[in-house]
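# Coordinates in review
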Amino acid sequence: MDGTLRDNDISHVVEADRAHVWHHLTQHKPFETGEPRIIVEGKRMSVWDQNGREFLDAVSGGVWTVNVGYGRESIADAVREQLVKLNYFAGSGGSIPGALFSEKLISKMPGMSRVYFTNSGSEANEKAFKMIRQIAHKKYGGKKTKILYRDRDYHGTTIGALSAGGQDERNAQYGPFAPDFVKVPHCLEYRAFEQEGAPEEGYGVWAAEQIEKVILREGPETVGGLCLEPVTAGGGVITPPEGYWEKVQEICRKYDILLHIDEVVCGLGRTGTWFGYQHYGIEPDFVTMAKGVASGYAAIACCVTTERVFEMFKENASDPLDYFRDISTFGGCTAGPAAALENMRIIEDEGLLENCTKMGEYMLGRLHELAEKHEVIGDVRGKGLFLGAELVEDRETRKPVDEKLAQKVVAECGAQGVIIGVTNRSVPGYNNTLCYSPALIATKADIDRIIEATDEALTRVFG
Ligand SMILES: Cc1ncc(COP(=O)(O)O)c(C=O)c1O
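Quick caveat: nothing in here was measured; it's all calculated off a predicted structure.

Summarising burial for strand E10 (residues 301-305): five of the five residues are buried, a large majority. Side-chain alternation along E10 places Ala301, Cys303 and Thr305 on one buried face and Cys302 and Val304 on a second face that is also buried. Pairing analysis gives five bridges linking strand E4 (residues 114-118) to E10, with the strands arranged antiparallel. Residue pairing across strands places Thr118 opposite Ala301, the latter belonging to E10.

This is the structure:
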């Protein structure tokens, strides 16, 4: 770490933070006596805190974001160049980086054609919800307004996005929520035994059929959209079971339901393909993305649709209410698409999708080795460099470990200079999955270090 911040009196920064900053997803009582963590600098896969201590970041900025790693001068240069030329104009007009990034993005998304810029994952999802609602009014006499979401999935923090929130601890105390959002069951095969009627064989198709059951119960003529994560992130790193997506797609087509894939976490390479849904041959109507779009170098999120969806919003140009009457002020910032273009160039030129697949397989193998050594690991799952290890008290009953113990494992990794994650205030009783999402530049040596820290932490906590 360079000396700049030290010279600026870091203890003053800590005091200013303690006095005035409200940290995200954090109980602040402990800061009355202890210090908040302040991250001062980042390079490649490492970050440094206020005490100059280095950590290997196995969670890409805490929340699956910094896909190309820290300290990318070429992104900073691209953003600077754009900002001095033009920093902003409302999104009712176009911009050079907006047009060029859209073209590049769409070239990686066969079947999709239009990019709507926003500034957060929650907001991108809200756009898709609004489009589905408007289509219901324009085409179906205001009937097909219901939007289905899945147990354990998360789509954001605004009241609209929380209305589609399948993680009860995120939602608790923030209701009442928006009407016409309806929950469908999760598809976590490891916990299929807790779902009534789940078969031992063919679970994926059965899990998709549970969605159909909900559609039939609600009335297909009332259901306009289905919103799903391709691989569920904060709900426990849930990879879809075999046969699931084919059946989901079939059900959506059968009942004329628009399929919205939330790629806020999986998008831009996290699972080894540009988008998570591309592993499963899905043809979505909406794809939303945020975190990895510019790897956190600028705030940018997108709601991408097909030309078929887009066409519905210009059918009757003489009707003043016919088009999508929505704006996002900061969706017009040019730093986002400028950073995103350079982010994609890096992913391509450095072969980061290939590295993600290769290192993801290596890491999955190493997590399985850990599971052989530590009884407490009940299940290992994930895709690419998006992996999880579920901790259980007993492999037979699969009873989750107390979340405090899972958090202790994270703390013990931190004590060894490695930042890993754990499902946090998510599904009641199931905040027990360790989460890993190193940057797509991770090497074998980085992964070995993450695994060794976890190994030692598990030994310290569980013996
Ligand atoms: C799958 C998913 N969708 C949406 C969001 C919300 O994104 P944001 O925090 O940018 O609003 C998140 C955030 O963690 C997420 O994991």
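Time to look at the site of the ligand. Ser120, Gly121, Ser122, Gly156 and Val264 are the nearest of the 16 residues found near the ligand. Considering each element in turn, the shell around the ligand owes the most residues, three residues, to helix H6 (residues 121-139). Grouping the constituent residues of the shell around the ligand by class yields six nonpolar, eight polar and two charged.

What follows is about the sheet that holds strand E9 (residues 286-289). Read from one edge to the other, the open sheet built from seven strands follows the order E4-E10-E9-E8-E7-E5-E6, with strand pairing classed as mixed. What marks the edges here is a single partner per strand, and that holds for E4 and strand E6 (181-184). Neighbour-to-neighbour, the strand axes of the sheet open up by a mean angle of 20 degrees, direction not taken into account. Along the sheet, H6 contacts E4, strand E5 (146-150), strand E7 (223-228), strand E8 (258-262), E9 and E10; its crossing angle with E10, the most-contacted strand, is approximately 30 degrees.

The next point concerns the confidence of the model for the chain. The predicted coordinates should not be examined in detail at positions where pLDDT is low. Averaged over the chain, the pLDDT score is 97; the fraction of residues at 70 or greater is 98%. Put simply, helix H1 (residues 4-7) is where the chain has its lowest mean pLDDT, 54, and E9 is where it has its highest, 99.

Take the nonpolar core next. Cys302, Ala339 and Ile420 are the most contacted members of the largest nonpolar core, which totals 124 residues. Residue-level mapping places this core at the junction of two domains, with at least three residues from each of domain 1 (37-66 + 351-462) and domain 2 (74-349). Leaving out residues up to four positions away in the same chain, Ile420 has contacts with Ala58, Val59, Val410, Cys413, Leu434, Cys435, Tyr436, Ile450 and Thr454.

Turning our eyes to something else, we now look at the packing of helix H13 (residues 352-373) against helix H15 (residues 444-462). One way to put it is that H13 packs onto H15 with a least axis distance of 10 Å and a crossing angle of 20 degrees. The orientation of H13 with respect to H15, classified from their angle, is roughly parallel. When the axes of H13 and H15 are compared, the crossing they make is right-handed. Packed against H13, whose contacting residues are Met359, Tyr362, Met363, Arg366 and Leu370, the element H15 presents Lys444, Ile447, Ile451, Thr454 and Asp455 at the interface. Looking at side-chain class alone, the contact of H13 with H15 contains six nonpolar, one polar and three charged residues.

About the thresholds
- Residues numbered from 1 in each chain as written.
- Predicted model: local features only at pLDDT ≥ 70, side-chain atom pairs only at ≥ 80, totals over all residues.
- Buried ≥ 20, exposed ≤ 12 C-beta atoms within 10 Å, placed from the backbone.
- Helix = DSSP H or I, 4+ residues; strand = E, 2+ residues; numbered from the N terminus.
- Pairing = 2+ DSSP bridges.
- Near = placed C-beta within 6 Å.
- Nonpolar A, V, L, I, M, F, W, Y, C, P; charged D, E, K, R; others polar.
- Axes fitted to C-alpha atoms, helices over the stretch in contact; angles between N-to-C directions.
- Contact = placed C-beta atoms within 7 Å.
- pLDDT = per-residue confidence, 0-100.
- Core = buried A, V, L, I, M, F, W, Y, C linked by C-beta atoms within 7 Å.
- Domains from an automatic or database assignment.
- Parallel < 35°, antiparallel > 145°, perpendicular 65-115°, else oblique.
- Left-handed = near helix turned anticlockwise from the far one by under 90°.

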